[in-house]
Amino acid sequence: MLLGIISDLHANELALEASLAALQRLGVDRLVILGDVVGYGPDPEVVTQRIAALAGQGAICLMGNHDSAAVGARSAMNDMAAAAIAWTRPRLSEASRQFLAGLPMTATLEDMLFVHADASNPEAWNYVVDAAAAMQSLTAVRAQVTFVGHVHRPQVYCLTATAKVIAHTPVTNTAVPLSPQRQWLAVAGAVGQPRDGNPAASFMTYETAARELTFHRATYDYDTTARRIRDAGLPERLAERLVNGT
Amino acid sequence: MAKSKLETGSILDGFTIGELIHRGGMASLWEVKREGDPTHYLMKIPVLNEGEDPAAIVSFEMEQMIMPRLKGAHVPRHVANGDFAVQPFIVMERLAGETLLPQLKHLPLPVDKVAEMGAAIADALESLHRQGVIHLDLKPSNIMFRPSGEAVLIDYGLAHHRDLPDLLQEEFRLPYGTAPYMAPEQVMGIRTDPRSDIFALGCLMYFFATGVRPFGDPQKLKGLKQRLWRDPVPPRKLKPDIPPWFQEIVLRCLEVKAGRRYPTPAQLAHDLRNPTQVQLSARAEKLQKDGFFAVLKRKGEPPRSLIDKPPEREAEASDAPIVAAAINLDDMTPELADKLRRTLLRILERSPEARLAVLNVLKLNRIAMDQTLDEEGNNKHVARLVGLKDWARPMKIAQGRVTYHVLEAIDPADTLLDYARVNNVDHIVMGARANSTMRKILGSVSGKVAMEAPCTVTVVRVRGAEE
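Because the structure is a prediction, the values reported are computed rather than measured.

A. Geometry of the overall build of chain A. Along the backbone of chain A there are 8 helices and 12 strands. For a compact globule of 246 residues, the expected C-alpha radius of gyration is about 18 Å, and chain A comes in at 17 Å, within 12% of that figure. When the backbone C-alpha atoms are referred to their principal axes, chain A occupies close to 50 × 35 × 35 Å. In chain A, which comprises 246 residues, the share counted as buried stands at 58%. For chain A, the accessible area works out to roughly 9,200 Å², and carbon and sulfur atoms hold 49% of it. Charge separation in chain A, taken as the distance between the mean sites of 19 positive and 23 negative side-chain charges, equals 3 Å.

Here's what the structure looks like:
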């Protein structure tokens, strides 16, 4: 089975559509969305409705911290993120609010675990940004492969036989074989707001039989999304970072 | 891990086990066959005992990851991997013949033979490095030759792949490799410098030409570290008939700082194939090891300061390209000569480690192929070399970076293409024939080269020259 895994869409319709089109060309059998459907971006309602429709067709969708905040949960956020959430709330339909509010924190499939942030305590929304954080997440679960988002920078971690964590920065379009001998943690890049220096939407595929994980990029018209962010009166930095991928 | 007893006749994942070829400490090798397939393959099965070194498992996993991703004549073709949950194995092409190991009985070998072998091994390393893989365990028992002459590198258990997670990295405290051939940076635990393979090849060539291992065969980390400050006995001290060019090449491979070695195996192969063009330095004439005080001083330095940092991932082999300039002296206007030189300088400026080979094809008469003396009795070959150097002189390129070659041939395009293939040339720069009538009659050499070259080709033409 070929899984298409996307994360951190952040209400960026153009980036989402470019990623979905690319995943369709790759022939994915099932879609997983690792959370943060909304927040930061200019298209919360359209993007939520699109994801809700995909979920209706069998896609797995998880709760992200921005989704949780958009439907009322209190959480610690920086000013920019909080401003975007305040802008987002009134722009969501009741149906969208209900969809987001009903998202699960984790999901499992075969030997895989899907969660938005550090799996050791999903509600705390801790970032898996380094080997130490990866170790904490990996040792808390039994799943062979954990998929997380939240960080917006693609990374692969592996727990070795000697209980050390190896970090690997994946190369686009180069399949990484996830040996069944050890536990793996894959951090997805972001569809809607990449921060690894490349503005193209980032997503992954995972071939479950061959156990091969591949990171992909899809370019899209980020100048237009940036303009829509400015037109909406959202913070300028949110427009800027889309163009720079930072 | 379920493990059944393997023996001749048993079947594993569709492969029928044949005779046991070799049983080693790390793995056993069996001949296997597949139903409906006449080919005999080789199955490698790791020795995995309880309480064994976990590195053995990891190294087999790495090999299972890397081998299916390798292509070309310099690697055994990968056929299948066996699942760890049942019985791990790798099935691959079975190569005829032996490794270089039995050659150890016949050392020292003649220098020409070692250089030829070294160039073939360097070609294999170049192919590997271009695929993002560093072997890190180059030694006689891991090298075989195809009947067609290509070196084949086997055993990828310690290899590093640029684009895959390195499971051996930081996992174990000891450096992994084979003591006599391990590069100083590898001793220090660095697994990401392709030039470690060049050091290992230098050790091998030194050993094969002198019969003596340059750094012995130390069994402890302390002994391994000696190569960080203690230089080997110069080969010519051991065997005075070794020519200076060969010592220059070998000692350059054995430099402690990777940045002082050849930047790529292709450049090393080029020198091994063109001994008369090797730029000799003090290394070539050295007859003694470094003095007591020099060694003492190095010994006092922190080991990390003695070695170079590995290259950044972006800095790949392409930063040290071999650029070939094909120069037709008979058909060269001053404008074209100048434009060719400026084009070359721009390329060389961007790649400080690039090497330039200036080529000229001496067209042979189809009837009298051996006539290299012109009417005045001058040697045409020498005259061409002088012409090439004169043409290149205004570029003021440092001596070690440029070589000159006169190739004799009937078909200039085929000869240039052959040269580019054999020497792993990355970029050919050549002028377009100035006269379009001539081009119509004779055909375009640059057109054929551009169409068939295995690398980038820049055809330089002076604007408006044909009007």
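B. Quick look at the packing of aromatic side chains. Taken as a whole, this structure holds 8 aromatic pairs over all chains when the rule is applied. Seen in terms of ring centroids, Trp 245 of chain B and Phe 246 of chain B are 5.8 Å apart; in terms of plane orientation they differ by 85°. Their pairing is edge-to-face. Residue Trp 245 of chain B shares its accessibility class with Phe 246 of chain B, and that shared class is buried. Their ring planes at 80° and their centres at 5.2 Å tell us that Phe 292 of chain B and Phe 293 of chain B sit as a pair that is edge-to-face. Across the pair, Phe 293 of chain B and Phe 292 of chain B agree in class, each one exposed. Following the ring pairs from residue to residue traces out a cluster consisting of Phe 114, Phe 147 and Tyr 206 of chain A.

C. Local environment of the UniProt feature "domain: Calcineurin-like phosphoesterase" (unreviewed entry) in chain A. The sites that carry the UniProt feature "domain: Calcineurin-like phosphoesterase" (unreviewed entry) are, in the present numbering, residues 1–208 of chain A. The annotated region residues 1–208 of chain A carries 29% helix and 25% strand content, and the separation between its end C-alpha atoms amounts to 5 Å.

D. Local environment of unusual backbone geometry. Each neighbour pair has its own omega, and for Leu 107 of chain B with Pro 108 of chain B the value is -5°, a cis peptide bond. Looking at the element boundaries, Pro 108 of chain B is found in the loop between β6 (89–93) and α2 (111–130). Positioned with a positive phi, His 10 of chain A is a non-glycine residue whose angle comes to about 50°. Within the secondary structure, His 10 of chain A is located in the loop between β1 (2–6) and α1 (13–26).

E. Layout of a nonpolar patch on the surface. A cluster of nonpolar side chains, namely Phe 292, Phe 293 and Leu 296 of chain B, defines an oily patch on the protein surface of about 390 Å² accessible area. The class for Leu 296 of chain B is partly exposed, based on a relative accessible area of 46%.

F. Quick peek at the sheet that holds strand β5 (residues 112–115) of chain A. All names here are of chain A. With respect to topology, 6 strands assemble into an open sheet ordered β4-β5-β6-β10-β7-β8, the strand pairing being mixed. Because the sheet does not close on itself, it has two edges, and the strands there are β4 (106–109) and β8 (165–168). This sheet shows a mean twist of 20° between the axes of neighbouring strands, independent of strand direction. In terms of strand pairing, strand β7 (residues 155–159) meets β8 through 4 bridges, oriented antiparallel. Its bridge partner being in β8, Leu 159 is matched across the sheet by Val 165. Sitting on the sheet, helix α6 (residues 131–140) is in contact with β7, β8 and β10 (183–189), with an inclination near 60° to β7.

G. Structural view of the side chain of Asn 65 of chain A. All names here are of chain A. Tracing the backbone through its elements, the reader meets Asn 65 in helix α3 (residues 65–70). At 3.2 Å, the side chain of Asn 65 and the side chain of His 116 are in polar contact. In this structure Asn 65 touches Asp 36, Met 77, His 116, Trp 125 and His 150, once residues within four positions along its chain are discounted.

H. Seen up close, the interface of chain B and chain A. In this complex, chain B contributes 19 residues to the contact, which on the side of chain A involves 18 residues. Counting the surface lost from both chain B and chain A, the interface buries some 1,400 Å², and carbon and sulfur atoms represent 59% of this. Counting every contact that joins chain B to chain A gives 2 salt bridges. Arg 182 of chain A is the partner of Glu 61 of chain B in a salt bridge, and the nearest nitrogen-oxygen pair spans 2.3 Å. In this structure, the connection of chain B to chain A is made through 4 residue pairs in polar contact (both at pLDDT 80 or more). Of the residues contributing to the side of chain B that touches chain A, the split by class is 10 nonpolar, 1 polar and 8 charged.

I. Just the packing of helix α4 (residues 195–210) of chain B against helix α7 (residues 244–253) of chain B, in detail. All names here are of chain B. Packing of α4 against α7 leaves a shortest axis separation of 7 Å and a crossing angle of 140°. It follows from the interaxial angle that α4 and α7 lie oblique. Crossing of α4 over α7 shows left-handed handedness. Mapping the contact onto sequence places Ile 198, Phe 199, Gly 202, Met 205, Tyr 206 and Ala 209 in α4 and Phe 246, Ile 249, Val 250 and Cys 253 in α7. When grouped by side-chain class, the residues that make up the contact of α4 with α7 number 9 nonpolar, 1 polar and no charged.

The rules we used
- Residues numbered from 1 in each chain as written.
- Chains lettered and ligands numbered in written order.
- Predicted model: local features only at pLDDT ≥ 70, side-chain atom pairs only at ≥ 80, totals over all residues.
- Heavy atoms only, no water.
- Helix = DSSP H or I, 4+ residues; strand = E, 2+ residues; numbered from the N terminus.
- Rg over C-alpha atoms; globule rule 2.2 N^0.38 Å.
- Buried < 20%, exposed > 50% of the residue type's maximum accessible area, 1.4 Å probe, protein only.
- Areas by Shrake-Rupley, 256 points an atom, 1.4 Å probe, with all protein chains shown as cover.
- Lys, Arg positive; Asp, Glu negative; His and termini not counted.
- Charge placed at Lys NZ, Arg CZ, Asp CG, Glu CD.
- Phe/Tyr/Trp six-rings, centres within 6.5 Å; stacked < 30°, edge-to-face > 60°.
- UniProt positions renumbered as here; feature names shortened; annotations may be inferred.
- Patch = residues over 30% accessible without salt bridge, like charges linked within 9 Å, V, L, I, M, F, W, Y side chains within 5 Å.
- Salt bridge = Lys/Arg side-chain N within 4 Å of Asp/Glu carboxyl O.
- Pairing = 2+ DSSP bridges.
- Axes fitted to C-alpha atoms, helices over the stretch in contact; angles between N-to-C directions.
- Contact = heavy atoms within 4.5 Å.
- Polar contact = N/O pair within 3.5 Å; in protein donor to acceptor, adjacent residues only side chain to side chain.
- Buried area = accessible area lost by both parts, 1.4 Å probe.
- Nonpolar A, V, L, I, M, F, W, Y, C, P; charged D, E, K, R; others polar.
- Parallel < 35°, antiparallel > 145°, perpendicular 65-115°, else oblique.
- Left-handed = near helix turned anticlockwise from the far one by under 90°.

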